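Coordinate inspection notes
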Amino acid sequence: MAESEVPLISIKPYLEGDAEGSKKVIEQIKFAGEKVGFMMICDHGVPQDIIDENWKATRAYFDLPREKKMEVSTRLTFCLYSLKVFMFSLLD
């Protein structure tokens with residue numbers, strides 16, 4: 001996969017408990033996070049109405065004044081750091 005493409009990653013093998021498939025999913029997520037900076041996840045099982053609500057919240061966030069976005073951004077940075085620590089712990 002080229003570094004200029006946003007990867008589409010199916011997490012179905014991970015959710016099904018496929019050990020070999022899970023390793024591949026984790027490698028793809030690691031590559032996307034380190035080399036691309038973005039990824040799209042599919043086969044996650046999240047219902048469409050929840051996805052739609054999240055897009056709505058995303059739009060609302062970007063409509064906020066910069067000062068308000070910065071307040072949210074600080075809390076989000078901690079959450080993303082925690083997620084990164086968790087994902088890399090799966091590689092061990």
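Residues numbered from 1 in each chain as written. Predicted model: local features only at pLDDT ≥ 70, side-chain atom pairs only at ≥ 80, totals over all residues. Heavy atoms only, no water.

Some details on the overall build of the chain
Threshold: Think of it this way: any DSSP run of H or I at least four residues long counts as a helix, any run of E at least two long counts as a strand, and we number them from the N terminus. Residues are treated as being in contact if the distance between any of their heavy atoms lies within 4.5 Å. Only the protein chains shown count as cover for residues, and the accessible areas themselves come from Shrake-Rupley with a 1.4 Å probe.
When you go through the chain residue by residue, the secondary structure sums to four helices and two strands. Written out in order from the N terminus, the α and β elements of the chain read β-α-α-β-α-α. Sequence separation of at least 24 residues holds for 64% of the intrachain contacts in the chain that already meet a minimum separation of 6. By element, 60% of the accessible surface of the chain is carried by carbon and sulfur atoms, the whole surface being about 7400 Å².

Re the packing of aromatic side chains
Note the following rule: Working definition: rings of Phe, Tyr and Trp (its six-membered ring) pair if their centres are within 6.5 Å, and the pair is stacked with planes under 30 degrees apart, edge-to-face with planes over 60 apart, and tilted otherwise. Remark: exposure states derive from per-residue accessible area (1.4 Å probe, protein chains only) relative to the maximum for the residue type, with buried under 20%, exposed over 50%, and partly exposed in between.
Tallying each qualifying case throughout the model produces one aromatic pair. Ring centres 4.9 Å apart and planes at 80 degrees place the aromatic pair Tyr61 and Phe62 in the edge-to-face group. Under the relative-accessibility criterion, Tyr61 is labelled partly exposed at 22%.

Some thoughts on a negative patch on the surface
Short version of the rule: Here, patches come from residues exposed beyond 30% relative accessible area and free of salt bridges, joined within 9 Å for like charges and within 5 Å for nonpolar side chains (Val, Leu, Ile, Met, Phe, Trp, Tyr). Between Lys or Arg on one side and Asp or Glu on the other, a salt bridge is scored when a side-chain nitrogen of the former is within 4 Å of a carboxyl oxygen of the latter. Just so you know, the count uses Lys and Arg for positive and Asp and Glu for negative, and it drops His and the chain ends. We put the charge of a Lys on NZ, of an Arg on CZ, of an Asp on CG and of a Glu on CD.
A surface patch of negative charge is lined by Glu16, Asp18, Glu20, Glu27 and Asp43. Here Glu27 is to be found in helix α2 (residues 19–36).

Digging into the pattern of salt bridges
If the charged atoms of two oppositely charged side chains come close together, the side chains can form a pair. Tallying each qualifying case throughout the model produces one salt bridge. A salt bridge links Lys56 to Glu53; the nearest nitrogen and oxygen atoms lie 3.8 Å apart. Pair noted here: Lys56 and Glu53 are both in helix α3 (residues 48–62), with a separation of three residues, about one helical turn. Note on Lys56: relative accessible area 51%, which makes it exposed.

Quick look at a nonpolar patch on the surface
Taken together, the side chains of Val6, Leu8, Phe38 and Met40 present a nonpolar region at the surface, about 420 Å² in accessible area. Summarising the element assignment, Val6 is placed in the segment before β1 (8–10).

Topic: the environment of Ser22
Within the secondary structure, Ser22 sits in helix α2. Expressed as a C-alpha distance, the spacing of Ser22 and Lys12, which sit 10 residues apart in the sequence, is 8.5 Å.

Some points on unusual backbone geometry
Residues other than glycine seldom take positive phi values, yet Asp43 does so here, at roughly 60 degrees. Along the chain, Asp43 falls in the loop between β2 (40–42) and α3. What makes Asp43 partly exposed here is its relative accessible area of 44%.

Re α2
Test applied: Expected span of a helix, by definition, is 1.5 Å for each gap between consecutive residues, and there is one gap fewer than residues. This arc is built from the directions going out from the helix axis to the C-beta atoms. In protein, a polar contact means a hydrogen-donor-capable atom and an acceptor-capable atom, both N or O and within 3.5 Å, with residues adjacent in sequence counting only if both atoms are side-chain atoms; elsewhere, any N or O pair within 3.5 Å suffices.
For α2, which comprises 18 residues, the first-to-last C-alpha distance of 25 Å matches the rise-based estimate of 26 Å (1.5 Å per residue) to within 8%. Among all positions of α2, only Gly21, Ser22, Val25, Ile26, Ile29, Ala32 and Val36 are buried. Along the axis of α2, the buried positions cluster into a sector of 155 degrees, meaning they face one direction only. Pointing more than 90 degrees away from the buried face of α2 are the exposed residues Ala19 and Lys24. With a side-chain oxygen lying 3.2 Å from the backbone nitrogen of Glu20, the N-terminal cap of α2 falls on Asp18. Positive backbone phi, at 95 degrees, marks Gly37, one or two positions downstream of α2.

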